[in-house]
Amino acid sequence: MKRNIFFKLSGCIIIVMLFIVIKNGHINLPGHGNLENQNLEKTIVSHVSSNLLNGETVEFDSKYLCKDYKDNDEKRFSANVIYYVISKDGAKEKHVAHVICNEDKDRIIEWKDIDND
């Protein structure tokens, strides 16, 4: 009987500790990274689209030199991103930018275009 209570109690403690660790952001749940990647893609496309005037569209391509860091106790994500601006006639123009976002990658904090020489 004592053994059964011990296992139930230890199981409850483990579940509570796991919940605390997850809640504090130390463990990402499955799919969390995919959601952040989708957020980044949507954020980049939305940002670029809002600056287009001639009916062009935007296609996100990739990211590189990615880095997570803290700035004034706030988590940040930094990366270079490649995207294409597609004209009405279908011509693609490649662009590269350095972007700093919040942790969830759904808000741009800083944007700098990089020359494509």
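Residues numbered from 1 in each chain as written. Predicted model: local features only at pLDDT ≥ 70, side-chain atom pairs only at ≥ 80, totals over all residues. Heavy atoms only, no water.

Novice: Explain the pairing of strand 1 (residues 57–71) to me, please; I cannot follow it from the model alone.
Specialist: Along a regular strand, successive side chains alternate from one face of the sheet to the other. For strand 1 and strand 2 (residues 74–86), the ladder comprises 12 bridges, and the chain directions are antiparallel. Directly across from Phe 60, in strand 2, lies its bridge partner Tyr 83. Between strand 1 and strand 2, which follow one another and run antiparallel, lie 2 residues, and Asn 72 among them has a positive phi close to 55°. (Pairing = 2+ DSSP bridges. Helix = DSSP H or I, 4+ residues; strand = E, 2+ residues; numbered from the N terminus.)

Novice: It is not clear to me how the packing of aromatic side chains should be interpreted in this structure. Could you clarify?
Specialist: Geometrically, a pair of aromatic rings is defined through the distance of the ring centres and the angle of the planes. Taken as a whole, this structure holds 1 aromatic pair when the rule is applied. Here the aromatic rings of Tyr 83 and Trp 111 are separated by 5.9 Å at their centres, their planes lie at 55°, and the arrangement is tilted. One end of the pair, Tyr 83, is in strand 2; the other, Trp 111, is in strand 4 (residues 108–114), with 28 residues separating them in the sequence. A cation over a ring is seen here: Lys 67 above Tyr 69, with NZ or CZ 5.6 Å from the ring centre. (Phe/Tyr/Trp six-rings, centres within 6.5 Å; stacked < 30°, edge-to-face > 60°. Lys NZ or Arg CZ within 6 Å of the ring centre and 35° of its normal.)

Novice: Could you clarify how one ought to interpret the nonpolar core in this entry?
Specialist: Within soluble globular proteins, side chains that are nonpolar tend to cluster in buried spots. The biggest cluster of nonpolar side chains holds 13 residues, and the ones touching the most others in it are Leu 40, Ile 44, Val 48, Val 81, Tyr 83 and Val 99. For this core, the elements supplying multiple residues, two or more each, are helix 2 (32–49), strand 1, strand 2 and strand 3 (92–102). Setting aside residues no more than four positions away along its own chain, Ile 44 makes contact with Phe 60, Val 81, Tyr 83, Val 99, Ile 108 and Trp 111. (Core = buried A, V, L, I, M, F, W, Y, C linked by side-chain atoms within 4.5 Å. Buried < 20%, exposed > 50% of the residue type's maximum accessible area, 1.4 Å probe, protein only. Contact = heavy atoms within 4.5 Å.)

Novice: Would you mind going over the sheet that holds strand 1 with me for this structure?
Specialist: Paired through their backbone hydrogen bonds, the strands of a sheet run either parallel or antiparallel. What the 4 strands build is an open sheet, ordered 1-2-3-4; its pairing is antiparallel. Each having just a single partner strand, strand 1 and strand 4 make up the two edges of the open sheet. Between one strand axis and the next, the sheet turns by 20° as a mean value, whatever way the strands run. (Axes fitted to C-alpha atoms, helices over the stretch in contact; angles between N-to-C directions.)

Novice: Sorry, what's going on with the side chain of Asn 102 here?
Specialist: Within the secondary structure layout, Asn 102 lies in strand 3. Given a relative accessible area of 12%, Asn 102 falls into the buried group. Here the side chain of Asn 102 touches Arg 107 through a polar contact of 3.0 Å, landing on its backbone nitrogen. Excluding residues within four positions of it along the chain, Asn 102 makes contact with Lys 75, Arg 76, Phe 77, Arg 107 and Ile 109. (Polar contact = N/O pair within 3.5 Å; in protein donor to acceptor, adjacent residues only side chain to side chain.)

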